[in-house]
Amino acid sequence: MLQTWQDKFVANFIQDNRWKYLWDGLKVTLQITFFAVLIGIALGFLVAIVRSTYDRTGKLKILNLLCKLYLTVIRGTPVVVQLLIIYFVIFGSTDVDKVFVAVLAFGINSGAYVAEIFRSGIMSIDNGQFEAGRSLGFNYVQTMIHIIMPQAFKNVLPALGNEFIVLLKETSVSGYIAMQDLTKGGDIIRSQTFDAFMPLIGVALIYLAMVLIFTKLVNMLERRLRSSDH
């Protein structure tokens, strides 16, 4: 039995350097995740500012309506459908880089969830903090930057870390636009060896390892921020 498992391992990963499919796919997955996270954080931050400003002051009504429409559409439709629409509809007539499409799709999708995370963090800060900012001579924007957002970020860090991990796993649908990410790499091996167990379990273990590593890093950052309060 041991020899049989060894033969399967060699056939799936060693023979013809098939491990490179997973390695190349892993690099694509991490690249998509990294840039999508940046877009998601930037977009989510802006939407959260607009939404929380409207909730507290009643200003930015038009922008708030646009933000609510964005949140409703993005959170109400599957990310794989959004990916397909961006690739086949929006960029259907152009020769666009698939990584760029994936980054854009996952970034826009993540931004909707990050926006609500940030907004919940901002709204959790007591109104007395805004009054403290005004007593220091800060305007609304300065109060948000120097007083509210640092506290809100600490409050929502666990949720942001979870969103990052969810985004990492969501990129596994990138193969729908024929892009070779980690999951697609495992599927290519399966199509060549006709053995589904070994390559797909390998893909699952790689995702699990990445999730555990990123979870550990988020926990370390959370402890460091907590200790800086003392």
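Described below are features of the structure shown in this document. (Residues numbered from 1 in each chain as written. Predicted model: local features only at pLDDT ≥ 70, side-chain atom pairs only at ≥ 80, totals over all residues. Heavy atoms only, no water.)

## Here we look at the overall build of the chain
On a plain count of helices and strands, the chain comes out with nine helices and zero strands. Counting only C-alpha atoms, the chain reaches 75 × 50 × 25 Å along its principal axes. The buried share of the chain, reckoned over its 230 residues, is 40%. Intrachain contacts of the chain at a sequence separation of at least 6 include 75% that bridge at least 24 residues. Accessible surface computed for the chain: about 12,900 Å², of which carbon and sulfur atoms make up 66%. (Helix = DSSP H or I, 4+ residues; strand = E, 2+ residues; numbered from the N terminus. Buried < 20%, exposed > 50% of the residue type's maximum accessible area, 1.4 Å probe, protein only. Contact = heavy atoms within 4.5 Å. Areas by Shrake-Rupley, 256 points an atom, 1.4 Å probe, with all protein chains shown as cover.)

## Notes on the packing of helix H2 (residues 19-57) against helix H7 (residues 140-170)
Running from N to C, H2 and H7 cross one another at 135°; their axes reach a closest spacing of 10 Å. Relative to H7, the element H2 is oriented oblique. Every pair of crossing elements has a handedness; the one defined by H2 and H7 is right-handed. Seen from H2, the contacting residues are Thr29, Thr33, Ala36, Val37, Phe45, Ile49, Ser52, Thr53, Arg56 and Thr57; seen from H7, they are Tyr140, Met144, Met149, Phe164, Leu167 and Leu168. When grouped by side-chain class, the residues that make up the contact of H2 with H7 number 10 nonpolar, five polar and one charged. (Axes fitted to C-alpha atoms, helices over the stretch in contact; angles between N-to-C directions. Parallel < 35°, antiparallel > 145°, perpendicular 65-115°, else oblique. Left-handed = near helix turned anticlockwise from the far one by under 90°. Nonpolar A, V, L, I, M, F, W, Y, C, P; charged D, E, K, R; others polar.)

## What about the nonpolar core?
What tends to happen in soluble globular proteins is that the nonpolar side chains get buried as a cluster. Core analysis: the largest hydrophobic core is formed by 20 residues, its most contacted members being Ile32, Leu83, Val101, Phe106 and Met179. Of all elements in the fold, only H2, helix H4 (79-90) and helix H5 (98-123) reach the threshold of two or more residues within this core. With six residues, the single largest contributor to this core is H5. Discounting chain neighbours no more than four positions away, the residues touching Ile32 are Val99, Ala102, Val103, Phe106, Thr171, Ser174 and Met179. (Core = buried A, V, L, I, M, F, W, Y, C linked by side-chain atoms within 4.5 Å.)

## Details of the packing of aromatic side chains
Counted according to the given criterion, the structure contains seven aromatic pairs. Measuring from centroid to centroid gives 5.1 Å for Phe34 and Phe35, while their planes differ by 80°, and the two rings are edge-to-face. Judged by relative accessible area, Phe34 falls into the partly exposed class, the value being 48%. Against the face of Trp5 rests Lys8, its NZ or CZ located 5.0 Å from the ring centre. (Phe/Tyr/Trp six-rings, centres within 6.5 Å; stacked < 30°, edge-to-face > 60°. Lys NZ or Arg CZ within 6 Å of the ring centre and 35° of its normal.)

## Focus on unusual backbone geometry
Phi is mostly negative for residues that are not glycine, and the peptide bonds are mostly trans. A positive phi is found at Asn17, a non-glycine position, where the angle reads about 50°. Along the chain, Asn17 falls in the loop between helix H1 (2-14) and H2. Backbone geometry at Leu60 places phi at a positive 60°, although glycine is not the residue there. Checked against the element boundaries, Leu60 lands in the loop between H2 and helix H3 (61-76).

## Details of H2
The α-helix advances 3.6 residues per turn, and as a result positions three or four apart in sequence lie on the same side. In this model, H2 (39 residues) spans 56 Å end to end at C-alpha, consistent with the 57 Å of a helix rising 1.5 Å per residue. At the C-terminal side of H2, Gly58 shows a positive phi close to 80°. (Expected span 1.5 Å × (residues − 1).)

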